[in-house]
Amino acid sequence: MGMAWDVLGDGSTSLRAGYGLYTNTNNHQNLIVTVTNPPATPRPVIPNPTFPVPDFSRLGEQLKTLLDAGARIFQFDAGDGHFIEPITIGPVVAKSISPVVHEAGGVLDCHLMVENPEKHFRQFAEAGGDSVTVHYEACEDLPGVIAQARELGLGAGVAFNPETEPDAVVD
């Protein structure tokens, strides 16, 4: 299980813990759900379905099932094959699903498991992403990276690998 801190627009943070299922290349069904529960303010727990490696032949059907079940925050996982293996989905797929998510009143968080994530912000913003989550371990200047996301109108979150101590991320 990974963890992520969302850096909210008001400067506060919320902690997320992720679990999940996805369909991998061997057709094993897994569904990833990230649960958001901000510690500072009492808010409801919100499930965030994740699309790390979707079954592209059923993507629309799977998205509709999640929307019909009430999901409104979707985590879109993008990997570059360097920071994580394998290369996963990118802005082209985000662009195809963002209108469906937005039409239902949802938001699309783009979890960038990539080196130098800021290089991809504009593409994901133009593809309909509402926010980006970057990995602490992939950013030399985390405050600068978050500022770049916000300049493009994106929300920002920070994820960290299980071996990273949470205190290192908060500092």
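Criteria and cut-off values
- Each chain carries its own residue numbering, running from 1 in the direction its sequence is written.
- Only residues with pLDDT of at least 70 get local features here, since the model is predicted, and only at 80 or more are side-chain atom pairs given and counted; chain-wide, interface and lining totals rely on the full set of residues.
- To get the side-chain values, all heavy atoms of the structure are used, and hydrogens and water are removed first.
- Here, the term nonpolar core denotes a set of buried Ala, Val, Leu, Ile, Met, Phe, Trp, Tyr and Cys residues that are joined through side-chain atoms within 4.5 Å.
- Only protein chains enter the area calculation, which uses a 1.4 Å probe; residues under 20% of their type maximum are buried, those over 50% are exposed, and those in between are partly exposed.
- Helix and strand assignments follow DSSP, with helices taken as H or I runs no shorter than four residues and strands as E runs no shorter than two, numbered in order from the N terminus.
- Orienting the strands away from the viewer, one traces the path from the first strand over the helix to the second; a clockwise path indicates a right-handed crossover.
- Here, two residues are considered to be in contact whenever any of their heavy atoms come within 4.5 Å of each other.
- For every residue, the predictor reports its confidence as pLDDT, a number between 0 and 100.

Engineer: Help me understand the nonpolar core in this model?
Structural biologist: Grouped together as the largest cluster of nonpolar side chains are 32 residues, with contacts concentrated most on F74, F76, L112 and F121. For this core, the secondary-structure elements that each account for two or more residues are α1 (59–68), β5 (73–79), α2 (91–103), β6 (107–113), α3 (121–126), β7 (131–135), α4 (142–151) and β8 (155–160).

Engineer: I keep staring at the pairing of β6 and nothing clicks. Help me out?
Structural biologist: Note on strand geometry: in a regular strand, side chains alternate between the two faces of the sheet. Where burial is concerned, most of β6 is hidden: six out of the seven residues are buried. Regarding topology, α2 serves as the crossover connection from β5 to the parallel β6, and that connection is right-handed. Traced from β6 through α3 to β7, the parallel crossover comes out right-handed.

Engineer: Would you explain unusual backbone geometry in this entry?
Structural biologist: Across residues other than glycine, the phi torsion is negative in most instances, and most of the peptide bonds are trans. Of note, the phi angle at N116 is positive, near 50°, even though the residue is not glycine. Position of N116 among the secondary structure elements: in the loop between β6 and α3. The exposure class of N116 is partly exposed, given its relative accessible area of 32%.

Engineer: Honestly, α4 in this entry has me stumped. Any pointers?
Structural biologist: Turn by turn, an α-helix covers 3.6 residues, leaving residues three or four places apart pointing in a common direction. All of the buried residues in α4 are L142, G144, V145, I146 and A149. Immediately beyond the C-terminal end of α4, within one or two residues, lies G153, with a positive phi of roughly 80°.

Engineer: I would appreciate a short explanation of the environment of V107 in the present structure.
Structural biologist: When you line up the elements, V107 lands in strand β6. Here the alpha-carbon distance between V107 and I73, two residues 34 residues apart in the chain, equals 5.0 Å. Every residue in contact with V107, bar those within four places of it in the chain, is listed here: R72, I73, F74, V101, H102 and D130.

Engineer: Sorry if this is basic, but what is going on with the confidence of the model for the protein chain here?
Structural biologist: Low-pLDDT portions of the prediction should not be read for the details of their coordinates. For the protein chain, mean pLDDT is 75; residues scoring 70 or higher make up 70% of the total. Taken element by element, the predicted model of the protein chain shows its lowest mean pLDDT in strand β3 (residues 33–37) (39) and its highest in α3 (97). Taken together, the stretch residues 1–39 has pLDDT below 50 and engages in 119 contacts with residues farther than four places along the chain or on a different chain.

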